[in-house]
2 protein chains.
Amino acid sequence: MVESRVQKKPKERIKQAALDLFYYQGFHSTTVRQIAQRAGVNPAMISYYFKGKRGLLEQLMVQFYEEYFNVIEQHQADDMDQGQLTPYQRLLSTLSASFNYLFEHYQMTRFIYRELTIDSTLIREIMTVYLGKEKYYYITLLEELKQAGTLRSNDVEMITLQLLNTLYMPFLQPQMIRKVYYIEPHSDEFKQRYLEQLNFFVENCCR
Amino acid sequence: MVESRVQKKPKERIKQAALDLFYYQGFHSTTVRQIAQRAGVNPAMISYYFKGKRGLLEQLMVQFYEEYFNVIEQHQADDMDQGQLTPYQRLLSTLSASFNYLFEHYQMTRFIYRELTIDSTLIREIMTVYLGKEKYYYITLLEELKQAGTLRSNDVEMITLQLLNTLYMPFLQPQMIRKVYYIEPHSDEFKQRYLEQLNFFVENCCR
C-alpha cells in the first residue's frame, strides 16, 4: 500500500502516541495495545523497537533529559565563553534556560512530575538519577554564589530545593493556577510573569 | 457482645480507616467494602453515617479544613489582641501556624495534594473553595505588607502563589526530598529546617 500522506516514521509515531496516552491516562493505565492502535502500528513493533511499555517510557525519559542537560550545559559553556558573567547572572541565565525547556515540553514535564507525586516506583527509579543530576548543576551554581559572599543563607541545599520546587510548580499544580488564581498555566502571559517571579526569587536570595 | 477493649466509636473508626486507605491506594482505588472491613463495621453503616464514599471524603475534608481555618483565624485574633505585631510578624506567625498544622496532619495533607495533582475532578471541586479561602488569607496579609511599603514586588498574586507552593512542597514531593536530598521529610529535623526556609522566603520578599 502506498501512503497518500507524508507521515512520521513508525518509531516516532509510537513515541508520540505513548506520550499522549501516558499524559492523559497515566503510565499504569496505558496498555501496549492502546499505544499501537493510536500510532497505527502492529503491537509487535513496540516490542521490536522498545522491548515493551517500560522500554518505551525509558527511551522517552532518556531523550527528554539528555536534551535538557544538553541545553543547560551548552548554556553554561556559552556563558563561560562570554567570560564576564557573574555567578549571579549565570544562575539566572541557566534557570531561565531550564524553565524555557520545560515549558516547551509541557506535556512530558507535566507527566513526569505527576507520576513522581503519585509515588510510582518505576518513575522514581529512573528519575532519582536525573533529579540528582539537576540538583548537582544548581547546587554548584549556588555554591559559587556562596563562595562569592553573595548568598544570604548558608543552607545551600534548602535553597536549591526551594528553587527547583519553584521551577516545577507550574507543571505540578496547573489546576491550582487555573482554578484558584484564574491564570492559564500554559499561556505565554503566565510564562512571562512566572519567569519574572523566578528571577525575583533568585534576586531575593542574594545580597 | 461485650467489647473487651476500649474502642473508638464506629464513626471515628470508619473515618480513620478511610483516611488510611485513601492515603495508601488513592480515593478511586478504594472501595466501600475495603473501608468497612478495615474499620470492622458493616458496609451499610458507611451509607448510614456518610451516604457513601464521596460523602465520607467530603466529611474528612470539611473537618480538616474547618480546623485548619480555625487555627489560622484564632492565630490572627491572638496576634490582633497583642496589638504590637507588624504585618510582617503577622505573616510569619500565620505561616508557621499553617505549616505546623499541615505537618501534624501529614497523612491527610499528603493525600489531598497528591489527588489534586493527578487531576481528580472530585477533589478539585471540593478543593477549589478551600484553596481559594487559603489564598484569600495570605493575599490579605501580603497586601498589608504592600500597603506598608515593605514588599519588594508589586505582583502580590504571584508571591502568594509561590509562598503557598513553598508551604505545600514537603507534602507534594516527599520522594524527591527523600531520594535526592537524603532528608526524611516527616522528621522533626526537616520540619525545623524547612520552617527556617519558609521564614527566609518571607524575609527575602520584604525590604
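Fair warning: this is a prediction, and the values are worked out from it, not measured in the lab.

A.B. asks: Help me out: how do you make sense of the domain arrangement of chain A in this one?
C.D. replies: Interfaces are often sized by the amount of accessible area the parts lose when they come together. Residues and elements named next belong to chain A. Here the domain parsing of chain A yields domain 1 (1-51) and domain 2 (60-205). Here domain 1 and domain 2 have C-alpha centroids that lie 30 Å from each other. In this complex, domain 1 contributes 11 residues to the contact, which on the side of domain 2 involves 11 residues. With both chains or domains summed, domain 1 and domain 2 bury close to 990 Å², and 63% of this area falls on carbon and sulfur atoms. If you sort the residues of domain 1 by the area they bury against domain 2, Leu 19, Tyr 23 and Phe 27 come out on top, with a joint share of 59%. Counting across the domain 1 and domain 2 interface gives 0 salt bridges. Applying the counting rule to domain 1 against domain 2 returns 4 residue pairs in polar contact (both at pLDDT 80 or more). The class makeup of the residues in the side of domain 1 that touches domain 2 is 6 nonpolar, 3 polar and 2 charged.

A.B. asks: Explanation requested: the relation of the copies chain A and chain B in the structure shown.
C.D. replies: Between the two chain copies there is a screw-like relation: a rotation about an axis and a shift along it. With an RMSD of 0.0 Å, the operation that places chain A on chain B is a rotation of 180° combined with a shift of 0.0 Å along the axis. In short, the pair behaves as if placed about a two-fold rotation axis. Across chain A, the rotation axis passes nearest the C-alpha of Asn 204 of chain A, at a separation of 2.5 Å. Most of the interface of chain A is mirrored in chain B: 100% of its interface residues are interface residues there too.

A.B. asks: Looking at this structure, how should I read the pattern of salt bridges?
C.D. replies: Two side chains carrying opposite charge are able to pair once their charged atoms lie near each other. Summed over the entire model, instances satisfying the criterion amount to 16 salt bridges over all chains. For the salt bridge of Arg 193 of chain A with Asp 155 of chain B, the shortest nitrogen-to-oxygen distance reads 2.9 Å. Of this pair, Arg 193 of chain A sits in helix H10 (residues 188-205) while Asp 155 of chain B sits in the loop between helix H7 (121-147) and helix H8 (156-172), each in a different chain.

A.B. asks: Got a minute to help me understand the packing of helix H4 (residues 53-82) of chain A against helix H7 (residues 121-147) of chain A in this structure?
C.D. replies: Residues and elements named next belong to chain A. Between H4 and H7, whose axes approach to 10 Å, the crossing angle comes to 5°. Judged on the interaxial angle alone, H7 and H4 are roughly parallel. Residues Arg 54, Leu 57, Glu 58, Met 61, Val 62, Tyr 65, Glu 66, Tyr 68, Phe 69, Ile 72, Glu 73 and Gln 76 of H4 lie in contact with H7, whose contacting residues are Leu 122, Ile 123, Glu 125, Ile 126, Met 127, Tyr 130, Leu 131, Lys 133, Glu 134, Tyr 137 and Leu 141. Classifying every residue of the contact of H4 with H7 gives 15 nonpolar, 1 polar and 7 charged.

A.B. asks: Help me understand the UniProt feature "domain: HTH tetR-type" (unreviewed entry) in chain A, please; the structure alone is not making it clear to me.
C.D. replies: The UniProt record annotates "domain: HTH tetR-type" (unreviewed entry) at residues 8-68 of chain A. End-to-end, the C-alpha atoms of residues 8-68 of chain A are 23 Å apart, and along that stretch the chain is 79% helix and 0% strand.

A.B. asks: What's the story with the packing of helix H5 (residues 87-104) of chain B against helix H10 (residues 188-205) of chain B in this structure? I'm lost.
C.D. replies: The relative placement of two packed helices is expressed as an angle between their axes plus a distance between the axes. Residue and element names in this part refer to chain B. At a minimum axis distance of 10 Å, the contact between H5 and H10 shows a crossing angle of 150°. By the angle between their axes, H5 is roughly antiparallel relative to H10. For the crossing formed where H5 meets H10, the hand is right-handed. Mapping the contact onto sequence places Tyr 88, Leu 91, Leu 92, Leu 95, Ser 96, Phe 99, Asn 100 and Phe 103 in H5 and Phe 190, Lys 191, Tyr 194, Leu 195, Leu 198, Asn 199, Val 202 and Glu 203 in H10.

A.B. asks: I tried to follow the interface of chain A and chain B on my own but got confused; where do I start?
C.D. replies: If you look at the interface, chain A gives 43 residues, while chain B gives 43 residues. Both faces combined, the contact of chain A with chain B buries some 4,300 Å², and carbon together with sulfur accounts for 61% of it. Sorting the residues of chain A by area buried against chain B places Met 158, Leu 161 and Tyr 181 of chain A first, and these three jointly supply 16% of that buried surface. The interface formed by chain A and chain B holds 4 salt bridges in total. Linking chain A with chain B are 12 residue pairs in polar contact (both at pLDDT 80 or more), by the criterion used here. Elements with a contribution of two residues or more to the side of chain A that touches chain B: helix H6 (106-117), H7, helix H8 (156-172), helix H9 (174-179) and H10 of chain A. It is H8 of chain A that contributes the most residues to the side of chain A that touches chain B, 12 residues altogether. Tallied by class, residues from the side of chain A that touches chain B come to 21 nonpolar, 12 polar and 10 charged.

A.B. asks: What exactly am I supposed to notice about the packing of aromatic side chains here?
C.D. replies: We describe a pair of aromatic rings using the distance from one ring centre to the other and the angle between the two ring planes. All names here are of chain A. In the structure shown here, the tally under the stated rule is 49 aromatic pairs over all chains. Taken together, Phe 64, Tyr 65, Tyr 68, Phe 69, Tyr 101, Tyr 130, Tyr 136 and Tyr 137 form an aromatic cluster joined through their ring pairs. Over the ring of Phe 27 we find Lys 53, and its NZ or CZ is 4.4 Å from the ring centre.

A.B. asks: How do you make sense of the confidence of the model for chain A when you look at a structure like this?
C.D. replies: The predicted coordinates ought not to be read in detail in places where the model reports low pLDDT. Scored by pLDDT, chain A comes out at a mean of 88, with 96% of its residues at no less than 70. Confidence, expressed as mean pLDDT per element, reaches its minimum in chain A at H6 of chain A with 85 and its maximum at helix H2 (residues 32-39) of chain A with 96.

A.B. asks: Is there a simple way to think about the UniProt feature "DNA-binding region" (unreviewed entry) in chain A in this case?
C.D. replies: Listed under "DNA-binding region" (unreviewed entry) in the UniProt record, and renumbered for this structure, are residues 31-50 of chain A. Along residues 31-50 of chain A, the helical share is 80% and the strand share 0%, with 14 Å between the first and last C-alpha atoms.

A.B. asks: Would you take a moment to explain helix H3 (residues 43-50) of chain A for this structure?
C.D. replies: Residues spaced three or four apart along an α-helix point in a common direction, a consequence of the helix completing one turn every 3.6 residues. Capping of H3 of chain A at its N-terminal end is provided by Asn 42 of chain A; its side-chain oxygen lies 2.9 Å from the backbone amide nitrogen of Ala 44 of chain A. At the exit of H3 of chain A stands Lys 51 of chain A, carrying a positive phi of roughly 55°.

A.B. asks: How should the nonpolar core be read in this particular structure?
C.D. replies: One broad rule of soluble globular proteins: the nonpolar side chains tend to lie buried together. Of all hydrophobic cores here, the largest spans 148 residues; its most connected members are Tyr 65 of chain A together with Tyr 65 of chain B. For Tyr 65 of chain B, the residues in contact, after removing those within four places along its chain, are Ile 112, Tyr 113, Met 127, Tyr 130 and Leu 131 of chain B.

Each value, and the rule that gives it
- Residues numbered from 1 in each chain as written.
- Chains lettered and ligands numbered in written order.
- Predicted model: local features only at pLDDT ≥ 70, side-chain atom pairs only at ≥ 80, totals over all residues.
- Heavy atoms only, no water.
- Domains from an automatic or database assignment.
- Contact = heavy atoms within 4.5 Å.
- Buried area = accessible area lost by both parts, 1.4 Å probe.
- Salt bridge = Lys/Arg side-chain N within 4 Å of Asp/Glu carboxyl O.
- Polar contact = N/O pair within 3.5 Å; in protein donor to acceptor, adjacent residues only side chain to side chain.
- Nonpolar A, V, L, I, M, F, W, Y, C, P; charged D, E, K, R; others polar.
- Least-squares fit on C-alpha atoms with pLDDT ≥ 70 in both.
- Helix = DSSP H or I, 4+ residues; strand = E, 2+ residues; numbered from the N terminus.
- Axes fitted to C-alpha atoms, helices over the stretch in contact; angles between N-to-C directions.
- Parallel < 35°, antiparallel > 145°, perpendicular 65-115°, else oblique.
- UniProt positions renumbered as here; feature names shortened; annotations may be inferred.
- Left-handed = near helix turned anticlockwise from the far one by under 90°.
- Phe/Tyr/Trp six-rings, centres within 6.5 Å; stacked < 30°, edge-to-face > 60°.
- Lys NZ or Arg CZ within 6 Å of the ring centre and 35° of its normal.
- pLDDT = per-residue confidence, 0-100.
- Core = buried A, V, L, I, M, F, W, Y, C linked by side-chain atoms within 4.5 Å.
- Buried < 20%, exposed > 50% of the residue type's maximum accessible area, 1.4 Å probe, protein only.

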